[in-house]
Amino acid sequence: MDETKSVEKSFDIPKTLIWEAYLKVSGNKGAAGVDGQSLAEFEQNLQNNLFKLWNRMSSGSYFPGPVKAVPIPKSAGGTRILGVPTVADRIAQTAVTMILEPDVDSVFHADSYGYRPGKSALDAVEVCKQRCWRRPWVIDLDIQGFFDNVPHAQIVAAVEKHTDLPWVVLYVRRWLVAPVQHQDGSRVVPVKGTPQGSAISPLLSNLFLHYALDSWLARSFPVVQFERYCDDVVLHCFSQRQAKYIRHVVEERLLEFGLRCHQDKTRIVYCKQHGREEKYPVTDFTFLGFDFRRAPVRRRDGVLMCGFVPLVGKAALKSMARAIRQWRLGRRTSLSFRGLATVINPIVSGWINYYGRFYKSKLMHFLEQQINPFLVKWAMRKYKRLRRAKGKTRRKLAEIASAFPGMFAHWKHGAMPTGSTVGAR
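Given the structure is predicted, the values throughout are model-derived calculations rather than measurements. (Residues numbered from 1 in each chain as written. Predicted model: local features only at pLDDT ≥ 70, side-chain atom pairs only at ≥ 80, totals over all residues. Heavy atoms only, no water.)

1. Section: the sheet that holds strand S1 (residues 67–73)
Operational definition: For two strands to count as paired, DSSP must find a minimum of two bridges between them. In this description a helix means any DSSP run of H or I spanning at least four residues, a strand means any run of E spanning at least two, and both kinds are numbered starting from the N terminus.
Taken in spatial order, the 4 strands line up as S2-S1-S4-S5 in an open sheet, and their pairing is mixed. This sheet does not close on itself; its edge strands, each paired only once, are strand S2 (79–84) and strand S5 (187–188). Of the pairings in the sheet, the one linking strand S4 (residues 180–181) to S5 comprises 2 bridges and is antiparallel in character. Residue pairing in the sheet places Gln181 in a bridge with Arg187 of S5.

2. Considerations on the side chain of Thr194
Selection criterion: Burial status follows relative accessibility: with a 1.4 Å probe on protein chains alone, a residue under 20% of its type maximum counts as buried, one over 50% as exposed, and anything between as partly exposed. Counting of polar contacts relies on pairs of N or O atoms within 3.5 Å, with two restrictions inside protein: one atom must be capable of donating a hydrogen and the other of accepting it, and residues adjacent in sequence are counted only when both atoms are side-chain atoms. Any two residues having at least one pair of non-hydrogen atoms within 4.5 Å are treated as being in contact.
Along the chain, Thr194 turns up in the loop between S5 and helix H9 (201–220). Thr194 gets classed as buried once you look at its relative accessible area, which sits at 3%. At 3.3 Å, the side chain of Thr194 forms a polar contact with the side chain of Ser201. Contact partners of Thr194, with chain neighbours within four places excluded, come to Phe147, Val150, Leu176, Ser201, Leu204 and Ser205.

3. Remarks on the pattern of salt bridges
Counted only if it meets this: What counts as a salt bridge is simple: a side-chain nitrogen of Lys or Arg found within 4 Å of a carboxyl oxygen of Asp or Glu.
Scanning all chains against the criterion turns up 10 salt bridges. Between Asp111 and Arg131 there is a salt bridge, with the nearest N and O atoms lying 3.2 Å from each other. Of this pair, Asp111 sits in the loop between helix H4 (87–105) and helix H5 (121–134) while Arg131 sits in helix H5, and the two are 20 residues apart along the sequence. Asp111 sits in the buried class, given a relative accessible area of 10%. Of the charged contacts, one joins Arg294 and Glu277 as a salt bridge, the two residues approaching to 3.3 Å between their closest N and O atoms. With a gap of 17 residues between them, Arg294 in strand S10 (residues 290–298) and Glu277 in the loop between strand S8 (267–270) and strand S9 (284–287) connect regions that are remote in the sequence.

4. Things to note about H9
Note: α-helices contain 3.6 residues per turn, so residues at a spacing of three or four share the same orientation. To keep things clear, this is the line we draw: A helix's residues, less one, multiplied by 1.5 Å, set its expected span.
Between its first and last C-alpha atoms H9 spans 27 Å; for 20 residues at 1.5 Å apiece the expected length is 28 Å, and the two agree. Most of H9 sits inside the fold, with 15 of its 20 residues counted as buried.

5. So, the pairing of S1
Consecutive side chains along a regular strand alternate between the two faces of the sheet. Bridging between S1 and S4 involves 2 bridges; their strand directions are parallel. Following the sheet pairing, Lys68 is matched in S4 by Gln181. Bridge count between S1 and S2: 6 bridges; the pairing is antiparallel. For Val70, the partnering residue across the bridge sits in S2 and is Leu82.

6. Looking at H4
In plain terms, the rule: Given a residue, its bend is the angle between the two axes fitted to the seven residues that end at it and to the seven that start from it.
Taking 1.5 Å per residue as the helical rise, H4 with its 19 residues ought to reach 27 Å, and the 25 Å between its terminal C-alpha atoms agrees with that figure. Along H4, the helix axis deviates most sharply at Ile99, where the bend reaches about 30°; the proline Pro102 sits within four residues downstream. With respect to burial, H4 is a largely interior element, 14 of its 19 residues being buried.

7. A look at a positive patch on the surface
Filter applied, for reference: Nonpolar side chains (Val, Leu, Ile, Met, Phe, Trp, Tyr) are joined into patches within 5 Å and like charges within 9 Å, using only residues with over 30% relative accessible area and no salt bridge. Per-residue and other accessible areas follow the Shrake-Rupley method at a 1.4 Å probe size, with only the shown protein chains counted as cover for residues. By the counting scheme adopted, Arg and Lys are positive, Glu and Asp are negative, and His together with the chain ends is not counted. A charged residue contributes its charge at one atom only: NZ of Lys, CZ of Arg, CG of Asp or CD of Glu.
A cluster of basic side chains, namely Arg328, Arg331, Lys377, Arg381 and Lys390, defines a positive patch on the protein surface. Mapped onto the fold, Arg381 is located in helix H13 (residues 361–382). Using a relative accessible area of 40% as the deciding quantity, one classes Arg381 as partly exposed.

8. Looking at unusual backbone geometry
The backbone phi angle of Lys29 is positive, close to 60°, even though this residue is not glycine. Along the polypeptide, Lys29 turns up in the loop between helix H1 (15–28) and helix H2 (39–43). By relative accessible area, which is 56% here, Lys29 ends up exposed.

9. Topic: the sheet that holds S10
Short version of the rule: Axis definition: a line fitted to C-alpha atoms, limited for helices to the stretch in contact. Angles are taken between N-to-C directions and run from 0 to 180 degrees.
Ordered in space as S9-S10-S11, the 3 strands form an open sheet in which the pairing is antiparallel. Two strands bound the open sheet, and with one partner strand each, they are S9 and strand S11 (304–312). Direction aside, the axes of adjacent strands within the sheet are offset by 45° on average. The pairing of S10 with S11 spans 9 bridges and is classified as antiparallel. Bridging from a neighbouring strand, Val297 pairs with Met305 of S11. Its contacts with the sheet place H5 against S9, S10 and S11, and it is angled at close to 60° to S10.

Dropping the structure here:
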């Protein structure tokens, strides 16, 4: 992979592009596809594998393998299908993403936040919070089965609008119709949709929704503000009447592309807070893991009031509690305190960095109640002198936390054990 340009090939694809795409895929890790080849196995013959991929793409003979369908449980029940391409296909998709992204990202709407450089989910939550204060009505939009139903023709048309490279369009077409292989071995050739899990799917989804929704809203209803993170959309309105109208026209717009809004999950919400006492049955919604609802908050001047704010969501707390139980901390007696911290701190720090961004006290109380009791159980099993002394163990844990408050991530942020029996399990 030492040359930078192809020689006598149908398509002029730089070898360095494939190498840089591999580096991105390598950094993201990921599971093996239907061929069973892991990233580590691909790297055992790295130079030859990358050359073969470049050679096939440059000659036009590259056809993606089937996409491995992996069912993933949903927090609310049921499953969603994650599509896992082969390592080689992930590298090829990443290469095309690197070609398309600089151009298309520059035209995307400022309020599109998903999978974009320089933007994050927390940015979207912050803007949503501010707009809920200013506009009392929200449309919580849920596009039913978006990734399974997004139309191919409009995706390809959008790609053609932003590139004059025929190989980019060719391979996007081939990825869209790559067979999906299920666990029983059956294969289905999709006529619509783009599988979640592929390297290029987020960009294609954003590109489609930019033209189908974002730019259409900005052009037709410039007064309506919104935040969109991939297919998760919140729209802000001044009145209930406006919200009902906008919901209707958005639903009609999406129907033009064969997409439907989920009738139960798409809701009009009243952002009830101090000074807004109108009666309405729906006064909360969930966006990017945060439950937006009325809650007591303290202003900067110290005055307590009822605001409409994002708090760590019930579904997110349930998922975290399940993960904490699965660690089985009480039984990992082969580890030291610092060994336990090494295991859980990266995960807990991620939770705190994300869900602790807004009104962190609820999250920290949860982590204190969920993790510290398991640390007590661990200490009682590890040390014989503590086995029948739960109260003594709690006090000892509190002493250790006081002496080493930075040992565990949740301790560092204030979720310290107290040594009392309150809240203990």
